[in-house]
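# Residue-level structure breakdown
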Amino acid sequence: MEADAPILHPKEKYESIFFVNEEAQVVGDGYDGYFHSGYEEKERELYLQWDLMTARVAEFAILPFLLMQFPQIILNAQNLIAGNESALFAVEWTAQLTSLMGNLSLLSYFVNKRERGASIVQAAGVLTTLIVLLQLAIAGAMPLLVFCATAAACLIGFAVNSLNYTNFISDGAWKVWTDILGVGGMYVLTQVVWLTFVPRLPRSKLPGIIAAALLLVFIELANWGWLPAALLSILEGISGWIATLLFIWSPVSQLYSNIRNPANLHGLSVFTILLALVGNGMLIPRALFIRDMMWFTGSSWGSIVQGWAILLSMYLNKAANSFLFWGVTCGFILWLGAIALKDMHAYSLSNPLDPFIELLQGKRKYEISK
(Lines give C-alpha, C1' and ligand atoms only; values in the text may rest on other atoms or scores of the structure.)
Protein backbone atom coordinates (compact mmCIF):
# COMPACT_ATOMS: atom_id res chain seq x y z
CA MET A 1 0.00 0.00 0.00
CA GLU A 2 1.31 3.47 -0.83
CA ALA A 3 2.22 5.83 1.97
CA ASP A 4 -0.56 8.30 1.16
CA ALA A 5 -3.29 5.69 0.59
CA PRO A 6 -6.42 6.29 2.70
CA ILE A 7 -7.17 4.11 5.68
CA LEU A 8 -10.50 2.30 5.53
CA HIS A 9 -12.67 1.45 8.49
CA PRO A 10 -16.33 0.45 8.71
CA LYS A 11 -18.84 3.26 9.04
CA GLU A 12 -20.78 1.06 11.47
CA LYS A 13 -18.38 2.19 14.18
CA TYR A 14 -20.01 5.59 13.91
CA GLU A 15 -23.47 4.08 14.42
CA SER A 16 -25.94 6.21 12.40
CA ILE A 17 -23.79 9.36 12.25
CA PHE A 18 -20.49 9.90 10.53
CA PHE A 19 -18.03 12.74 10.18
CA VAL A 20 -17.41 14.49 6.87
CA ASN A 21 -14.88 17.15 5.93
CA GLU A 22 -12.73 18.23 3.00
CA GLU A 23 -10.29 15.32 3.55
CA ALA A 24 -12.85 12.54 3.68
CA GLN A 25 -15.60 11.08 1.56
CA VAL A 26 -18.18 8.40 2.16
CA VAL A 27 -18.62 5.78 -0.50
CA GLY A 28 -21.36 3.19 -0.80
CA ASP A 29 -24.96 3.32 0.30
CA GLY A 30 -26.56 3.04 3.74
CA TYR A 31 -24.64 1.17 6.40
CA ASP A 32 -22.50 -0.70 3.88
CA GLY A 33 -20.39 2.38 3.14
CA TYR A 34 -16.86 2.93 4.32
CA PHE A 35 -15.22 6.02 5.69
CA HIS A 36 -11.97 7.05 3.96
CA SER A 37 -9.66 8.91 6.29
CA GLY A 38 -6.07 10.04 6.42
CA TYR A 39 -5.94 9.64 10.20
CA GLU A 40 -3.45 7.28 11.77
CA GLU A 41 -4.81 4.39 13.82
CA LYS A 42 -4.21 6.09 17.19
CA GLU A 43 -5.75 9.37 16.05
CA ARG A 44 -8.80 7.55 14.71
CA GLU A 45 -9.16 5.77 18.04
CA LEU A 46 -9.07 9.10 19.89
CA TYR A 47 -11.77 10.40 17.57
CA LEU A 48 -14.02 7.37 18.16
CA GLN A 49 -13.50 7.49 21.93
CA TRP A 50 -14.41 11.18 22.14
CA ASP A 51 -17.38 10.61 19.82
CA LEU A 52 -18.72 7.95 22.21
CA MET A 53 -17.87 9.93 25.34
CA THR A 54 -19.62 13.11 24.25
CA ALA A 55 -22.71 11.13 23.26
CA ARG A 56 -22.87 9.41 26.67
CA VAL A 57 -22.27 12.62 28.63
CA ALA A 58 -25.12 14.28 26.70
CA GLU A 59 -27.41 11.38 27.63
CA PHE A 60 -26.55 11.67 31.34
CA ALA A 61 -27.38 15.39 31.21
CA ILE A 62 -30.97 14.28 31.75
CA LEU A 63 -30.19 13.81 35.49
CA PRO A 64 -29.57 17.48 36.46
CA PHE A 65 -32.46 18.62 34.26
CA LEU A 66 -34.84 16.17 35.96
CA LEU A 67 -33.62 17.30 39.38
CA MET A 68 -34.47 20.88 38.40
CA GLN A 69 -38.15 20.04 37.80
CA PHE A 70 -38.89 17.30 40.33
CA PRO A 71 -38.89 19.53 43.47
CA GLN A 72 -41.65 21.65 41.90
CA ILE A 73 -43.66 18.55 40.93
CA ILE A 74 -43.37 17.10 44.46
CA LEU A 75 -44.29 20.42 46.09
CA ASN A 76 -47.31 20.80 43.82
CA ALA A 77 -48.45 17.27 44.66
CA GLN A 78 -48.14 17.92 48.39
CA ASN A 79 -50.21 21.09 48.11
CA LEU A 80 -52.89 19.34 46.06
CA ILE A 81 -53.12 16.48 48.56
CA ALA A 82 -53.35 18.99 51.42
CA GLY A 83 -56.11 20.87 49.60
CA ASN A 84 -53.96 23.97 49.25
CA GLU A 85 -54.71 24.65 45.58
CA SER A 86 -54.08 28.38 45.98
CA ALA A 87 -50.34 27.71 46.44
CA LEU A 88 -50.12 26.50 42.84
CA PHE A 89 -51.19 29.91 41.58
CA ALA A 90 -47.65 31.10 42.40
CA VAL A 91 -46.40 29.01 39.46
CA GLU A 92 -46.76 31.00 36.23
CA TRP A 93 -48.36 28.62 33.73
CA THR A 94 -47.45 30.79 30.72
CA ALA A 95 -43.74 30.49 31.57
CA GLN A 96 -44.11 26.71 31.87
CA LEU A 97 -45.94 26.61 28.53
CA THR A 98 -43.15 28.61 26.89
CA SER A 99 -40.57 26.17 28.24
CA LEU A 100 -42.60 23.21 26.98
CA MET A 101 -42.84 24.65 23.48
CA GLY A 102 -39.09 25.19 23.43
CA ASN A 103 -38.51 21.56 24.49
CA LEU A 104 -40.92 20.27 21.86
CA SER A 105 -39.25 22.27 19.08
CA LEU A 106 -35.76 21.17 20.09
CA LEU A 107 -36.97 17.57 20.38
CA SER A 108 -37.91 17.67 16.70
CA TYR A 109 -34.59 19.30 15.82
CA PHE A 110 -32.47 16.68 17.60
CA VAL A 111 -34.59 13.73 16.49
CA ASN A 112 -34.04 14.83 12.91
CA LYS A 113 -30.27 14.91 13.60
CA ARG A 114 -30.42 11.47 15.32
CA GLU A 115 -28.85 12.91 18.47
CA ARG A 116 -30.18 10.45 21.04
CA GLY A 117 -28.82 12.14 24.17
CA ALA A 118 -30.20 15.57 23.35
CA SER A 119 -33.51 14.04 22.23
CA ILE A 120 -33.87 12.25 25.58
CA VAL A 121 -33.22 15.50 27.47
CA GLN A 122 -35.83 17.41 25.44
CA ALA A 123 -38.41 14.60 25.69
CA ALA A 124 -37.97 14.51 29.47
CA GLY A 125 -38.41 18.28 29.51
CA VAL A 126 -41.70 17.98 27.65
CA LEU A 127 -43.02 15.25 29.97
CA THR A 128 -42.03 16.87 33.26
CA THR A 129 -43.37 20.28 32.22
CA LEU A 130 -46.61 18.66 31.07
CA ILE A 131 -46.95 17.08 34.54
CA VAL A 132 -46.56 20.52 36.14
CA LEU A 133 -49.20 21.96 33.79
CA LEU A 134 -51.55 19.08 34.65
CA GLN A 135 -51.16 19.90 38.34
CA LEU A 136 -51.89 23.57 37.63
CA ALA A 137 -54.98 22.64 35.61
CA ILE A 138 -56.26 20.44 38.46
CA ALA A 139 -55.80 23.36 40.88
CA GLY A 140 -57.56 25.74 38.49
CA ALA A 141 -54.39 27.79 38.04
CA MET A 142 -54.39 27.09 34.29
CA PRO A 143 -57.38 27.09 31.90
CA LEU A 144 -58.45 23.49 31.36
CA LEU A 145 -59.07 24.03 27.64
CA VAL A 146 -55.52 25.35 27.18
CA PHE A 147 -54.10 22.33 28.99
CA CYS A 148 -56.12 19.91 26.85
CA ALA A 149 -54.85 21.61 23.69
CA THR A 150 -51.29 21.49 25.04
CA ALA A 151 -51.55 17.80 25.93
CA ALA A 152 -52.92 17.02 22.46
CA ALA A 153 -50.04 18.94 20.85
CA CYS A 154 -47.54 16.95 22.94
CA LEU A 155 -49.11 13.63 21.95
CA ILE A 156 -49.01 14.63 18.29
CA GLY A 157 -45.43 15.81 18.72
CA PHE A 158 -44.27 12.54 20.25
CA ALA A 159 -46.06 10.56 17.53
CA VAL A 160 -44.58 12.64 14.70
CA ASN A 161 -41.06 12.48 16.15
CA SER A 162 -41.33 8.72 16.70
CA LEU A 163 -42.40 8.28 13.08
CA ASN A 164 -39.50 10.42 11.90
CA TYR A 165 -36.97 8.56 14.03
CA THR A 166 -38.14 5.24 12.56
CA ASN A 167 -38.36 6.68 9.01
CA PHE A 168 -42.14 6.20 8.73
CA ILE A 169 -43.05 9.78 7.87
CA SER A 170 -42.86 11.59 4.55
CA ASP A 171 -40.67 14.66 4.05
CA GLY A 172 -43.77 16.71 3.28
CA ALA A 173 -45.53 15.79 6.53
CA TRP A 174 -42.37 16.45 8.53
CA LYS A 175 -42.00 19.87 6.92
CA VAL A 176 -45.58 20.78 7.82
CA TRP A 177 -44.87 19.85 11.45
CA THR A 178 -41.65 21.90 11.64
CA ASP A 179 -43.38 24.86 9.96
CA ILE A 180 -46.13 24.76 12.60
CA LEU A 181 -43.51 24.70 15.35
CA GLY A 182 -41.67 27.58 13.74
CA VAL A 183 -44.71 29.84 13.39
CA GLY A 184 -45.99 29.03 16.89
CA GLY A 185 -42.54 29.47 18.37
CA MET A 186 -42.07 32.83 16.66
CA TYR A 187 -45.30 34.10 18.22
CA VAL A 188 -44.32 32.89 21.70
CA LEU A 189 -40.74 34.20 21.46
CA THR A 190 -41.85 37.67 20.34
CA GLN A 191 -44.45 37.86 23.12
CA VAL A 192 -42.01 36.69 25.79
CA VAL A 193 -39.45 39.34 24.80
CA TRP A 194 -42.14 42.03 24.61
CA LEU A 195 -43.71 41.17 27.98
CA THR A 196 -40.33 41.31 29.71
CA PHE A 197 -40.40 45.10 29.36
CA VAL A 198 -44.04 45.62 30.36
CA PRO A 199 -45.12 48.11 31.84
CA ARG A 200 -42.50 50.20 30.04
CA LEU A 201 -44.07 48.87 26.84
CA PRO A 202 -47.85 48.57 26.41
CA ARG A 203 -49.29 45.09 26.94
CA SER A 204 -50.25 43.75 23.50
CA LYS A 205 -50.47 40.53 21.47
CA LEU A 206 -49.87 42.39 18.23
CA PRO A 207 -46.03 41.96 18.14
CA GLY A 208 -46.34 38.17 18.28
CA ILE A 209 -49.07 38.10 15.64
CA ILE A 210 -47.04 40.28 13.27
CA ALA A 211 -43.85 38.22 13.74
CA ALA A 212 -45.68 34.90 13.23
CA ALA A 213 -47.45 36.26 10.14
CA LEU A 214 -44.15 37.44 8.64
CA LEU A 215 -42.57 34.02 9.17
CA LEU A 216 -45.60 32.37 7.58
CA VAL A 217 -45.17 34.62 4.54
CA PHE A 218 -41.50 33.60 4.23
CA ILE A 219 -42.47 29.92 4.52
CA GLU A 220 -44.99 30.30 1.69
CA LEU A 221 -42.45 32.17 -0.44
CA ALA A 222 -40.02 29.29 0.12
CA ASN A 223 -42.69 26.78 -0.93
CA TRP A 224 -43.18 28.72 -4.16
CA GLY A 225 -39.42 28.85 -4.79
CA TRP A 226 -39.23 32.63 -4.48
CA LEU A 227 -36.55 32.83 -1.77
CA PRO A 228 -32.78 32.96 -2.41
CA ALA A 229 -30.63 30.06 -1.26
CA ALA A 230 -29.17 32.04 1.67
CA LEU A 231 -32.61 32.68 3.16
CA LEU A 232 -33.69 29.10 2.50
CA SER A 233 -30.81 27.71 4.57
CA ILE A 234 -31.80 29.99 7.46
CA LEU A 235 -35.45 29.03 7.17
CA GLU A 236 -34.68 25.30 7.34
CA GLY A 237 -33.43 25.54 10.91
CA ILE A 238 -35.69 28.37 12.06
CA SER A 239 -37.79 26.30 14.51
CA GLY A 240 -34.64 25.08 16.28
CA TRP A 241 -33.17 28.57 16.49
CA ILE A 242 -36.46 29.99 17.79
CA ALA A 243 -36.53 27.34 20.52
CA THR A 244 -32.92 28.12 21.40
CA LEU A 245 -33.71 31.84 21.58
CA LEU A 246 -36.61 31.07 23.92
CA PHE A 247 -34.21 29.37 26.32
CA ILE A 248 -31.64 32.11 25.82
CA TRP A 249 -34.14 34.81 26.76
CA SER A 250 -35.25 33.10 29.96
CA PRO A 251 -32.05 33.83 31.94
CA VAL A 252 -31.83 37.31 30.38
CA SER A 253 -35.24 38.04 31.85
CA GLN A 254 -34.09 36.70 35.23
CA LEU A 255 -30.90 38.81 35.15
CA TYR A 256 -32.94 41.89 34.26
CA SER A 257 -35.17 41.18 37.26
CA ASN A 258 -32.11 40.67 39.51
CA ILE A 259 -30.68 44.05 38.50
CA ARG A 260 -33.99 45.83 39.07
CA ASN A 261 -34.84 44.06 42.33
CA PRO A 262 -31.66 42.74 44.00
CA ALA A 263 -33.63 42.00 47.19
CA ASN A 264 -35.33 39.12 45.32
CA LEU A 265 -31.99 37.35 44.88
CA HIS A 266 -32.30 35.74 48.30
CA GLY A 267 -35.39 33.93 47.04
CA LEU A 268 -33.45 32.14 44.29
CA SER A 269 -32.25 28.58 44.79
CA VAL A 270 -28.48 28.21 44.36
CA PHE A 271 -28.99 24.47 43.89
CA THR A 272 -31.31 25.04 40.90
CA ILE A 273 -28.85 27.49 39.34
CA LEU A 274 -26.00 25.00 39.72
CA LEU A 275 -28.13 22.28 38.11
CA ALA A 276 -28.74 24.58 35.13
CA LEU A 277 -25.00 25.21 34.81
CA VAL A 278 -24.10 21.51 35.08
CA GLY A 279 -26.89 20.24 32.80
CA ASN A 280 -26.11 22.67 30.00
CA GLY A 281 -22.39 22.21 30.54
CA MET A 282 -22.74 18.48 29.92
CA LEU A 283 -24.21 19.21 26.48
CA ILE A 284 -21.38 21.51 25.37
CA PRO A 285 -18.88 18.74 24.44
CA ARG A 286 -21.30 17.03 22.04
CA ALA A 287 -22.46 20.29 20.50
CA LEU A 288 -18.85 21.30 19.83
CA PHE A 289 -17.86 17.83 18.61
CA ILE A 290 -20.54 17.71 15.90
CA ARG A 291 -19.97 21.43 15.10
CA ASP A 292 -23.61 22.36 15.71
CA MET A 293 -23.66 26.15 16.15
CA MET A 294 -27.28 26.31 17.32
CA TRP A 295 -26.84 23.62 19.97
CA PHE A 296 -23.51 25.03 21.11
CA THR A 297 -25.01 28.52 21.40
CA GLY A 298 -27.93 27.29 23.49
CA SER A 299 -25.96 25.03 25.83
CA SER A 300 -23.12 27.54 26.31
CA TRP A 301 -25.54 30.37 26.97
CA GLY A 302 -27.45 28.19 29.44
CA SER A 303 -24.26 27.42 31.36
CA ILE A 304 -22.74 30.88 31.27
CA VAL A 305 -25.81 33.10 31.66
CA GLN A 306 -28.51 30.92 33.26
CA GLY A 307 -25.92 29.38 35.53
CA TRP A 308 -22.70 31.32 36.11
CA ALA A 309 -23.93 34.89 35.45
CA ILE A 310 -26.93 34.55 37.77
CA LEU A 311 -24.61 33.04 40.40
CA LEU A 312 -22.33 36.07 39.87
CA SER A 313 -25.24 38.46 40.47
CA MET A 314 -26.03 36.58 43.68
CA TYR A 315 -22.39 36.71 44.79
CA LEU A 316 -22.13 40.47 44.15
CA ASN A 317 -25.27 41.03 46.21
CA LYS A 318 -24.06 38.68 48.99
CA ALA A 319 -26.75 36.08 48.28
CA ALA A 320 -24.06 33.44 47.59
CA ASN A 321 -20.77 32.94 49.46
CA SER A 322 -17.39 33.54 47.85
CA PHE A 323 -16.14 29.97 48.33
CA LEU A 324 -19.04 28.58 46.30
CA PHE A 325 -18.79 31.19 43.56
CA TRP A 326 -15.04 30.94 43.00
CA GLY A 327 -15.09 27.15 43.29
CA VAL A 328 -17.79 26.89 40.63
CA THR A 329 -15.99 29.45 38.45
CA CYS A 330 -12.69 27.58 38.53
CA GLY A 331 -14.38 24.23 37.93
CA PHE A 332 -16.32 25.61 34.97
CA ILE A 333 -13.18 27.09 33.39
CA LEU A 334 -11.34 23.79 33.81
CA TRP A 335 -14.28 21.93 32.22
CA LEU A 336 -14.27 24.21 29.16
CA GLY A 337 -10.51 23.87 28.84
CA ALA A 338 -10.72 20.07 29.02
CA ILE A 339 -13.42 20.05 26.32
CA ALA A 340 -11.27 22.17 24.01
CA LEU A 341 -8.20 19.95 24.52
CA LYS A 342 -10.09 16.68 24.01
CA ASP A 343 -11.77 17.99 20.86
CA MET A 344 -8.41 19.25 19.56
CA HIS A 345 -6.85 15.78 19.99
CA ALA A 346 -9.89 14.00 18.55
CA TYR A 347 -9.63 15.98 15.31
CA SER A 348 -5.81 16.13 15.29
CA LEU A 349 -5.79 19.92 15.47
CA SER A 350 -2.83 22.00 16.59
CA ASN A 351 -4.50 24.62 18.79
CA PRO A 352 -7.19 24.39 21.52
CA LEU A 353 -8.97 27.33 19.89
CA ASP A 354 -9.22 25.55 16.54
CA PRO A 355 -12.43 23.65 17.44
CA PHE A 356 -14.21 26.95 18.14
CA ILE A 357 -12.82 28.52 14.96
CA GLU A 358 -14.08 25.56 12.93
CA LEU A 359 -17.46 25.84 14.63
CA LEU A 360 -17.75 29.49 13.62
CA GLN A 361 -16.55 28.82 10.08
CA GLY A 362 -18.75 25.75 9.61
CA LYS A 363 -15.84 23.71 8.23
CA ARG A 364 -16.94 20.35 9.55
CA LYS A 365 -20.35 18.76 9.59
CA TYR A 366 -22.15 15.58 10.50
CA GLU A 367 -24.30 13.86 7.94
CA ILE A 368 -27.11 11.57 8.97
CA SER A 369 -27.73 8.16 7.48
CA LYS A 370 -31.46 7.42 7.69
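Above this note sits the structure.
These lines cover the structure that appears in this document, whether it is placed above or below. In this text, all values refer to a predicted model and were calculated from it rather than measured experimentally. (Residues numbered from 1 in each chain as written. Predicted model: local features only at pLDDT ≥ 70, side-chain atom pairs only at ≥ 80, totals over all residues. Heavy atoms only, no water.)

## Considerations on the overall build of the protein
As a reminder, the rule being used: Put simply, DSSP H or I for four residues or longer makes a helix, DSSP E for two residues or longer makes a strand, and each gets a number counted from the N terminus. The buried label applies to any residue whose accessible area, calculated with a 1.4 Å probe on protein chains only, is under 20% of its type's maximum; exposed applies above 50%, and partly exposed to all values in between. Any two residues whose heavy atoms approach within 4.5 Å are treated as being in contact. Residue-level accessible areas treat just the shown protein chains as cover; the underlying method is Shrake-Rupley with a 1.4 Å probe.
The secondary structure content of the protein amounts to 14 helices and five strands. The buried share of the protein, reckoned over its 370 residues, is 45%. Relative to all contacts within the protein whose residues are 6 or more apart in sequence, the contacts with residues 24 or more apart total 70%. Approximately 19,200 Å² of the protein is accessible, and the part contributed by carbon and sulfur atoms is 68%.

## Some remarks on the nonpolar core
Rules: As used here, the term nonpolar core means buried Ala, Val, Leu, Ile, Met, Phe, Trp, Tyr and Cys residues forming a set that is joined through side-chain atoms within 4.5 Å.
Within the largest apolar cluster, 30 residues are counted, with the highest numbers of intra-cluster contacts made by Phe110, Phe289, Trp295 and Phe296. Put simply, the parts of the chain that give this core at least two residues each are α1 (41–60), α2 (62–81), α3 (93–113), α4 (116–139), α11 (284–289), α12 (293–316) and α13 (322–346). Here Phe110 is in contact with Glu115, Ala118, Ser119, Gln122 and Trp295, once residues within four sequence places are set aside. By size, the runner-up hydrophobic cluster in this structure holds 24 residues, among which are Ala123, Val126, Leu133 and Leu136.

## Notes on the packing of aromatic side chains
Worth spelling out the cut-off: The aromatic pairing rule takes the rings of Phe, Tyr and Trp, using the six-membered ring of Trp, and pairs them if the centres are within 6.5 Å, calling planes under 30 degrees apart stacked, those over 60 edge-to-face and the rest tilted.
Using the criterion set out here, one finds 11 aromatic pairs in the structure. Feature note: the residues Trp308, Tyr315, Phe325 and Trp326 constitute an aromatic cluster, connected by ring pairs.

## A look at the pattern of salt bridges
Applicable threshold: For this analysis, a salt bridge means a side-chain nitrogen from Lys or Arg found within 4 Å of a carboxyl oxygen belonging to Asp or Glu.
Under the counting rule described, the total for this entry stands at eight salt bridges. For Arg116, the salt bridge goes to Glu59, with nearest N and O atoms at 2.8 Å. Here Arg116 is found in helix α4, whereas its partner Glu59 is found in helix α1, with 57 residues between them in sequence. Classification of Arg116 by relative accessible area gives partly exposed; the value is 42%.

## Observations concerning the packing of α12 against α13
The cut-off we apply is this: Axes, fitted as lines to C-alpha atoms, cover a helix only where it is in contact. Angles between the N-to-C directions of the axes lie from 0 to 180 degrees. By definition in this entry, angles of less than 35 degrees are roughly parallel, angles greater than 145 are roughly antiparallel, angles of 65 to 115 are roughly perpendicular, and the rest are oblique. Put simply, a crossing is left-handed when the front helix is turned counterclockwise from the back one by less than a right angle, and right-handed when it is turned clockwise.
α13 packs onto α12 with a crossing angle of 155° between their chain directions and a minimal axis gap of 10 Å. With respect to each other, α12 and α13 are oriented roughly antiparallel. Crossing hand, α12 versus α13: left-handed. Within the contact between the two elements, α12 uses Ser303, Ile304, Trp308, Leu311, Leu312 and Tyr315 and α13 uses Ser322, Leu324, Phe325, Trp326, Val328, Thr329 and Phe332.

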